[in-house]
Structure formats: structure tokens, C-alpha cells
2 protein chains.
Amino acid sequence: MESTKNYEILKIKGQEKTKEEDLVVVEYPLTLELDGKKIMTLFCSPKSLKELVIGYLYSEGHIESLSDLENIQIDEKKGLAKISLTKGREEILEKKKLNTGMPSTFEEIKDSLKDKRIRKNLPIHEEILMDFMATFTENSDTFTKTGGVHSCGLYDYEGMIFFEDDIGRHNAYDKIFGRALLEGIDPKDKMILTSGRISSEMLVKAAKRQVPMIVSKSAPMSLAIDLANNLNMCLIGFVRGQRMNIYTNIPE
Amino acid sequence: MESTKNYEILKIKGQEKTKEEDLVVVEYPLTLELDGKKIMTLFCSPKSLKELVIGYLYSEGHIESLSDLENIQIDEKKGLAKISLTKGREEILEKKKLNTGMPSTFEEIKDSLKDKRIRKNLPIHEEILMDFMATFTENSDTFTKTGGVHSCGLYDYEGMIFFEDDIGRHNAYDKIFGRALLEGIDPKDKMILTSGRISSEMLVKAAKRQVPMIVSKSAPMSLAIDLANNLNMCLIGFVRGQRMNIYTNIPE
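S.K.: Tell me about the overall build of chain A, and name the residues and values.
M.R.: For chain A, the count of helices and strands is eight helices and twelve strands. Across the 252 residues that make up chain A, the buried fraction comes to 58%. Sequence separation of 24 or more characterises 50% of the internal contacts of chain A that already satisfy a separation of 6 or more. Accessible surface computed for chain A: about 11000 Å², of which carbon and sulfur atoms make up 44%.

Here is the structure:
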């Protein structure tokens, strides 16, 4: 399977707007199935999948050596890794079975978003978004000093409502939505600005709060684009200077 | 709490070697305690911690709104967030209690590494490491095409043994160690080269396999440095051109 994929996007460069094919990094959901039970989904590049599954099982303490592993079968088309363990299998199964209260496989995540389709989109005011992004990272002291954090801001077209940064992208999103809850702000008619790449995990966090638009300085991954399409979310990336790429909800 | 911290490191620039203070991004472990039971640790920047905890609880489906939350108390010094929920608290506790087979809080992770202290270090041959890094990312087609992946390689001083890349840093590490298991290669006398930042999660994955040295093109985070110090691992960062920073196991 290829690690990149083409999408038709709208490229904006100053006054120029062109629909173009754009190369996007593939984010591939690989669901682990232990003895016929789907336990969780890894989001990865679709290469060295057997190595990934074995390394993951090892890192998580499910196996100590190859001899704990009875069989692994990767079904690339279905995105399934069928695993059987020789030892401790029942205990692990038992633990996982009891821990399915929260969605953890990709199918469960998609299911949990079924009623989250965006009903009301925001207009795309390109120049305002470019202006916002021009000064965006200046909000982060830590970014300015070290470059080593991910920044995230809740905005409307009036400007920034609040800003958070963190060493982890998922944490920056969680901080934004935690603060929105604390301050009683509904993000349904707001947008997220971010410095970092948009993976499916970030998109899902925003979709849960029905944020209609995500705007990033960087690239989205394939699965984020696919999910945004399904959810009617507008995804804009590579906002740099007078340029930006619109990935979904492309205006006619 | 500050988001950056100074460490004394060895800076190498061509033939020049100087011990200097260097600004490092803080990675802060915040352990969530639900009704007196530690359930897991978030690794984050030490700011907006209450927002983070609330956003995390929401993202994971533990709370649906603020009214599900009885109380949150952040103890910054101890790195503890004491949470009590008004609803469904017992069920969640029950689930978590039954899922403690794998280490998930920072204390459990540190405990699991107790016998993993590195006994035999590798020498630091700076010029060879710089040579390796000069051509490192050329190994990744996807990186060359899109820049959107994290690369990881298992090396010894003879050269690269194998190379993996992935959209997720943790996946790239898992692929490396999965392949090492598959091919029967013990990483104990090898090193990891990587393009990405080194967080505690990456360091722990390498420590479990007792890798004595991690070499990165980017920066390590504070907690990775602290853990490496404890485990007698050598951590080298910012290997670019004729430069590199040695963060731990600094030669006298």
C-alpha cells in the first residue's frame, strides 16, 4: 500500500485559485483483533505492519518474546491484524473486554461521531485566516524560545478567543476544549487554528465538539481529510503567507 | 511552573567542545487520581493543567459536561490531579482497576524499568554519528516527498541495520523493535537514530530493550533527559552538520 495519496484540493496563492492534485501522507487505521475480538486501532503509515503490531504488543507488555505469539495475519485491505497469543491470552482478552466503555477501535470512533455532522458551516474568509496565522505562533512563549511545542487556538472571525500550547498535539486540543467547557463557550460556531499536522485523532477531538473548521499551518493526513469530508467539516492547511490549501468543503 | 528548563550539556561544533547551559522543553507527568486511585499519567507542558484534565476526561468520554465533574484539585508539586466525578464514577473506577495489567501511570512505568539500567555503554564517535545523520532522512521516500513522517533506524557503528518510518513517532519505534524481535537482533549493543524529538515515551520504549544510545536530529524533552540519566543511557540531540549536543553520559 502506498504511503501517500492524491487529493483534489483548492490552492490559493494571493489572488490565484486553482484546483490541483495534492500529495497527502496516508494515515492508515489498523485494527487489532485478538482471538476474533477487535481490541483497538493503531493509526499508522501502511508499511511494515507486522513489525508494528509485534513492536506494539511488546511495548504494551502483551508479549515478552516472539514465542508468546502464536500467529499474526495482516489483512491489508480490511485494515485488520488478526493476532493469537500462546500465553496469557485469556487474561488480556478478559481485561480488554471489560474496558470497552470508551470507543477505542476506529469503527467505534466513527460510530460515536454519527450524530456530529456539521450542520452550519463558517464562510471562508481567506485573508482574515492568513492574517490570523501570520501572528499565531507569537502567542506561544515556549514556541518562540524552543520551537518544541504544538499550538492550538479557538477563534472566531473577530479574533482569538483563547490559546493553548503543549508538547503533545492531543494535549493542546484537550486544553482548548477543556477551557471551552470551563468558560461555557460552545465551539460549534468557532474554528480551531493550529500549528501542527492534523491527524484523525485531532479531527475526532474537534468533531466531538462539532467545530466546523480547522485551519493549520501544516498538512492534514489522509484519514483526517476523509473524516472531514464525511462530517462536512472544512479543513484548511498550509496557511503560510498569502497561500493556503482547502482540502474539504471546497467552494464551487 | 516553567515550560522550559536549563540543563548542562556538551555542545560540539566541529572541533570545539563546550559545556553549556541549554534550554530544554519541559515534559511534565501529571497523574490522574480518581477517588484516590491513580489511573494514568498525562505527559504534558505544565500549563493550563485543569483545562487539560477536563478536556482529556471529555475526549475520553469520562464526562459529557462540567456537571459530571464534582471536583478537580491540581497538586502541581506532586504532579497529581485529584478528580471526583458525580456520575458513573464507580463504573469507570471498576474498569480501570481491572485494566492495570500494563503499566500506565508514570510510577508504574518507572518501576517497570528498574532492572533496565544500561550496564555497557557505547563509545561516542562523533564524526561517525554526524555522517550517519547526514544521510539519514534520505532513507525515507515518504519524508523526501512530504516531510510528514518520523524516521527511526537501528544502527551500530558499522552502519544502518534497518530503518522504519511512520506518521506516528511511537509507531516508528514500535516497528524498529518489532523487526528486531522478528529478526532475532538484540538492540542492547546498538543505537537508535531518529529524526524526531525524544519524549519520555520514546525513551521508555528504547529503555525496555536496553538500547544504550539514542541519537536525534531534534531535541529531547526534559523528562527524557531525566530518565536517561537515571538509566545510564546516552542521549544525543541536534545532530546537524558538524554540530551535536550531548545531554547525558557526558564524557569527562
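And the narrative resumes.
S.K.: Summarise the sheet that holds strand E5 (residues 69–75) of chain A; cite the residues concerned and give the values.
M.R.: Residue and element names in this part refer to chain A. As summarised here, the arrangement of the four strands in space is E4-E3-E6-E5, forming an open sheet in which the pairing is mixed. The sheet is open, and its two borders are formed by strand E4 (37–44) and E5, each paired with just one other strand. Taking each pair of neighbouring strands and ignoring which way they run, the sheet shows an average axis angle of 20°. Both strand E3 (residues 28–34) and E4 contribute to a ladder of seven bridges, which runs antiparallel. Looking at the pairing, Leu32 lines up with Met40 of E4. Contacts from helix H1 (residues 49–59) reach E3, E4, E5 and strand E6 (80–85), with the element oriented near 135° to E5.

S.K.: Quick one: what's the story with the pattern of salt bridges, residue by residue and with numbers?
M.R.: For the structure on display, the rule yields 20 salt bridges over all chains. The residue A:Glu126 makes a salt bridge to A:Lys17 at a minimum N-O spacing of 2.7 Å. With A:Glu126 in helix H4 (residues 126–134) and A:Lys17 in strand E2 (residues 16–25), this pair connects stretches of sequence that are 109 residues apart. Here A:Lys17 falls in the partly exposed class, since its relative accessible area comes to 46%. Ionic pairing is found between B:Arg179 and B:Glu164, a salt bridge with its closest N-O pair at 3.1 Å. Of this pair, B:Arg179 sits in helix H6 (residues 169–183) while B:Glu164 sits in strand E8 (residues 159–166), and the two are 15 residues apart along the sequence. A relative accessible area of 3% places B:Glu164 in the buried class.

S.K.: Kindly report on the pairing of strand E9 (residues 191–194) of chain B, identifying the contributing residues and their values.
M.R.: Covered by surrounding structure in E9(B) are B:Met191 and B:Leu193 together with B:Ile192 and B:Thr194, the residues of both alternating faces. Handedness of the β-α-β unit built from E9(B), helix H7 (residues 200–208) of chain B and strand E10 (residues 213–216) of chain B comes out right-handed.

S.K.: Run through the packing of aromatic side chains, naming residues and quoting values.
M.R.: What the rule picks out here adds up to eight aromatic pairs over all chains. With a centroid separation of 4.9 Å and an interplanar angle of 45°, the aromatic rings of B:Phe132 and B:Tyr155 are classed as tilted. Pair noted here: B:Phe132 is in helix H4 (residues 126–134) and B:Tyr155 is in strand E7 (residues 150–156), with a separation of 23 residues, a long-range link. By the burial criterion, B:Phe132 is buried, and B:Tyr155 matches it. Arranged with centres 5.3 Å apart and planes meeting at 65°, the rings of B:Phe136 and B:Phe163 form a pair that is edge-to-face. Of this pair, B:Phe136 sits in the loop between H4 and helix H5 (141–146) while B:Phe163 sits in strand E8, and the two are 27 residues apart along the sequence. Classification of B:Phe136 by relative accessible area gives buried; the value is 0%. You can call B:Phe163 buried: its relative accessible area is 12%. Grouping aromatic residues by their ring pairs yields a cluster made of A:Phe132, A:Phe136, A:Tyr155 and A:Phe163. Sitting above the plane of the B:Tyr58 ring, A:Arg209 keeps its charged end 4.7 Å from the centroid.

S.K.: For the sheet that holds strand E11 (residues 234–240) of chain A, give the residues involved together with the corresponding values.
M.R.: By way of backbone hydrogen bonds, the strands of a sheet pair with one another, either parallel or antiparallel. Residues and elements named next belong to chain A. Strand order in this open sheet of eight strands is E2-E1-E12-E11-E10-E9-E7-E8, and the pairing throughout is mixed. Edge strands, defined here as strands with exactly one partner in the open sheet, are E2 and strand E8 (159–166). Each adjacent strand pair in this sheet contributes to an overall mean axis angle of 25°, direction not counted. Two elements, strand E7 (residues 150–156) and E8, share seven bridges in a ladder whose sense is antiparallel.

S.K.: How would you sum up the relation of the copies chain B and chain A? Please name residues and give values.
M.R.: Once chain B is rotated about the relating axis by 180° and shifted along it by 0.0 Å, it coincides with chain A to within an RMSD of 0.0 Å. Expressed as an axis order, the relation between the two copies is that of a two-fold axis. Most of the interface of chain B is mirrored in chain A, where 100% of its interface residues are also at the interface.

S.K.: Give me the packing of helix H6 (residues 169–183) of chain A against helix H1 (residues 49–59) of chain B: which residues, what numbers.
M.R.: Remark: H6(A) packs on H1(B), axes separated minimally by 6 Å, with the N-to-C direction vectors making an angle of 95°. The pairing of H6(A) with H1(B) is recorded here as roughly perpendicular in orientation. In this structure, H6(A) contributes A:Asn171, A:Asp174, A:Lys175, A:Phe177, A:Gly178, A:Arg179, A:Leu181 and A:Leu182 to the contact, and H1(B) contributes B:Lys50, B:Glu51, B:Leu52, B:Ile54, B:Gly55, B:Tyr56, B:Tyr58 and B:Ser59.

S.K.: Describe the interface of chain B and chain A, and please don't skip the residues or the numbers.
M.R.: Residue-level contacts link 51 residues of chain B with 51 residues of chain A. Roughly 4800 Å² of surface becomes buried between chain B and chain A when both sides are summed, with 61% attributable to carbon and sulfur atoms. Seen at the junction of chain B and chain A, the total is two salt bridges. Note that B:Asp165 is salt-bridged to A:Lys47, the shortest N-O span being 3.1 Å. Between chain B and chain A we count 18 residue pairs in polar contact (both at pLDDT 80 or more) in total. Contributions of two or more residues to the side of chain B that touches chain A are made by strand E2 (16–25), strand E4 (37–44), H1, H5, E8, H6 and H7 of chain B. Per-class residue counts for the side of chain B that touches chain A are 18 nonpolar, 16 polar and 17 charged.

Calculation rules
Residues numbered from 1 in each chain as written. Chains lettered and ligands numbered in written order. Predicted model: local features only at pLDDT ≥ 70, side-chain atom pairs only at ≥ 80, totals over all residues. Heavy atoms only, no water. Helix = DSSP H or I, 4+ residues; strand = E, 2+ residues; numbered from the N terminus. Buried < 20%, exposed > 50% of the residue type's maximum accessible area, 1.4 Å probe, protein only. Contact = heavy atoms within 4.5 Å. Areas by Shrake-Rupley, 256 points an atom, 1.4 Å probe, with all protein chains shown as cover. Pairing = 2+ DSSP bridges. Axes fitted to C-alpha atoms, helices over the stretch in contact; angles between N-to-C directions. Salt bridge = Lys/Arg side-chain N within 4 Å of Asp/Glu carboxyl O. Right-handed = clockwise from strand over helix to strand, strands pointing away. Phe/Tyr/Trp six-rings, centres within 6.5 Å; stacked < 30°, edge-to-face > 60°. Lys NZ or Arg CZ within 6 Å of the ring centre and 35° of its normal. Least-squares fit on C-alpha atoms with pLDDT ≥ 70 in both. Parallel < 35°, antiparallel > 145°, perpendicular 65-115°, else oblique. Buried area = accessible area lost by both parts, 1.4 Å probe. Polar contact = N/O pair within 3.5 Å; in protein donor to acceptor, adjacent residues only side chain to side chain. Nonpolar A, V, L, I, M, F, W, Y, C, P; charged D, E, K, R; others polar.

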